[in-house]
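Results of the structural survey
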Amino acid sequence: MTRRELMSRHGISPATFKRDLVKLREQMQVPVRFDRATGRYRVESSQPATAAQALWFSGDEVLGLLTMQRVLAELSGGKLGAKLRPLGAKLNQLMATNGLPESAVADRLHVVPPDERGPAPPLFVVAASATLARKRMKVTHSDRQTGEVQECEISPQRLVHYRDNWYIDAWCHQQDNLRSFPVSWLGSAQAMDEDAIEVEPQVVALKLGARYA
């Protein structure tokens, strides 16, 4: 189709047309070509779009995809392993196409499979986004003994799903120590611009892993 036909059909401006064309070519890797002889744009038939090229994800969709991939990895050794591995491979391919290699999240999402999984608490998306982006968080929570609301700055290391609850294993900058925060107990959570400090995954597992056994 010509540019005029595309703009008319989709009701977009010339500026939007240019932005969408760049996104199709560079982000989604769709082989859109301009045929100077006819003055029309077309998808290059000699380079068919793959399933990965035809998909583009929002932030929440990427988060869901990453979580699904991690759950599959945790379950791969069980009875469903043989059936889940091909699906896990497809998810890895999709993530790699969108610039999210498996190695980037392998140590950031840890799932302990319970009998049933309840819905994630409302602040889960904030916590997961900060954890994967390696950003510090400012959170508020109630003290277990006094009930007093406290505010602290944390560097999230990983998210753990255990017995129907999500936990943030994090370095607490107020206490200079590793702590586990139930996401459902948080009164508020906000991602910060500062980068999170890194603690070796083996150290986190040694310090906090026993509570999930």
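The paragraphs below set out a description of the structure included in this document. In this text the structure is predicted, and so the values were computed from the model without any measurement. Residue numbering note: each chain is counted from 1, following its sequence as written. For this predicted model, a pLDDT threshold of at least 70 governs which residues receive local features, and a threshold of 80 or more governs which side-chain atom pairs are given and counted, while totals over whole chains, interfaces and linings are taken from all residues. Each side-chain value is worked out from all heavy atoms of the structure, with water and hydrogens disregarded.

Focus: the state of the cysteines
Working definition: a disulfide is two cysteine sulfur atoms within 2.5 Å of each other. This structure, assessed with the given rule, holds zero disulfides. We note that Cys-152 lacks a disulfide partner, and the nearest cysteine sulfur, in Cys-172, lies 4.6 Å from it.

Things to note about the nonpolar core
With 18 residues, the main nonpolar core has Met-137, Val-139, Ile-154, Leu-159, Ile-168, Phe-181 and Leu-186 as its most contacted residues. Numbered from the N terminus, helices here are DSSP runs of H or I no shorter than four residues, and strands are runs of E no shorter than two. Of all the elements in the fold, those that place two or more residues in this core are α5 (124–133), β4 (135–142), β5 (149–162), β6 (165–172) and β8 (186–195). Whether two residues touch is decided by their heavy atoms; if any such pair falls within 4.5 Å, the residues are in contact. Beyond its immediate sequence surroundings of up to four residues, Ile-168 is in contact with Ala-127, Met-137, Ile-154, Pro-156, Arg-158, Leu-159, Arg-179, Ser-180, Phe-181, Val-183 and Leu-186. As used in this record, nonpolar core signifies buried Ala, Val, Leu, Ile, Met, Phe, Trp, Tyr and Cys residues forming a set joined through side-chain atoms within 4.5 Å. The buried label applies to any residue whose accessible area, calculated with a 1.4 Å probe on protein chains only, is under 20% of its type's maximum; exposed applies above 50%, and partly exposed to all values in between. In this structure, Leu-6, Phe-17, Val-32 and Tyr-41 belong to the second largest nonpolar core, which totals eight residues.

Topic: the packing of helix α1 (residues 3–10) against helix α2 (residues 14–27)
The angle between two axes is taken between their N-to-C directions and runs from 0 to 180 degrees, where each axis is a line fitted to C-alpha atoms and a helix contributes only its stretch in contact. Where α1 contacts α2, the two axes come as close as 10 Å, and the packing angle between them is 100 degrees. Between α1 and α2, the interaxial angle falls into the category roughly perpendicular. Within the contact between the two elements, α1 uses Arg-3, Leu-6 and Met-7 and α2 uses Pro-14, Phe-17 and Lys-18. Working definition: roughly parallel below 35 degrees, roughly antiparallel above 145 degrees, roughly perpendicular at 65 to 115 degrees, and oblique for all remaining angles.

Some thoughts on the pattern of salt bridges
A pair is scored as a salt bridge if a Lys or Arg side-chain nitrogen falls within 4 Å of a carboxyl oxygen belonging to Asp or Glu. Under the criterion given, the structure shown has seven salt bridges. The shortest N-O distance in the salt bridge between Glu-198 and Arg-134 comes to 3.0 Å. Of this pair, Glu-198 sits in the loop between β8 and α6 (201–208) while Arg-134 sits in the loop between α5 and β4; the two residues are 64 residues apart in sequence, bridging distant segments of the chain. Overall, the relative accessible area of 47% leaves Glu-198 in the partly exposed class. A relative accessible area of 13% places Arg-134 in the buried class. With its nearest N and O atoms 2.8 Å apart, the salt bridge here joins Asp-195 to Lys-135. Of this pair, Asp-195 sits in strand β8 while Lys-135 sits in strand β4, placing them 60 residues apart in sequence. It is possible to trace a salt-bridge network through shared partners that takes in Asp-35, Arg-42 and Glu-44.

Focus: α5
The complete set of buried residues in α5 reads Phe-124, Ala-127, Ala-128, Ala-130 and Thr-131. In a view along the axis of α5, the buried residues occupy a sector of 165 degrees, so they form one face of it. Arg-134 sits one or two residues past α5 and shows a positive phi near 60 degrees. For this quantity, the arc is that covered by the directions from the helix axis to the C-beta atoms.

Thoughts on the packing of aromatic side chains
The description of two aromatic rings rests on the distance between their centres and on the angle between their planes. In this analysis, rings of Phe, Tyr and Trp, with Trp reduced to its six-membered ring, are considered paired at centre separations within 6.5 Å, and the interplanar angle assigns stacked below 30 degrees, edge-to-face beyond 60, and tilted for intermediate values. Tallying each qualifying case throughout the model produces five aromatic pairs. Considering the side-chain rings of Phe-124 and Trp-166, the 4.5 Å spacing of their centres and the 40 degrees angle between planes classify their relative orientation as tilted. Remark: Trp-166 occurs in strand β6 and Phe-124 occurs in helix α5; sequence separation between them is 42 residues. Where Tyr-162 meets Tyr-212, the ring centres are 5.5 Å apart and the plane angle is 75 degrees; that geometry is what we call edge-to-face. Of the two residues, Tyr-162 is situated in strand β5 and Tyr-212 in the segment after α6; the sequence distance between them amounts to 50 residues. The same class applies to Tyr-162 as to Tyr-212, namely buried.

Without other data, these values stay purely geometric and don't point to any function.
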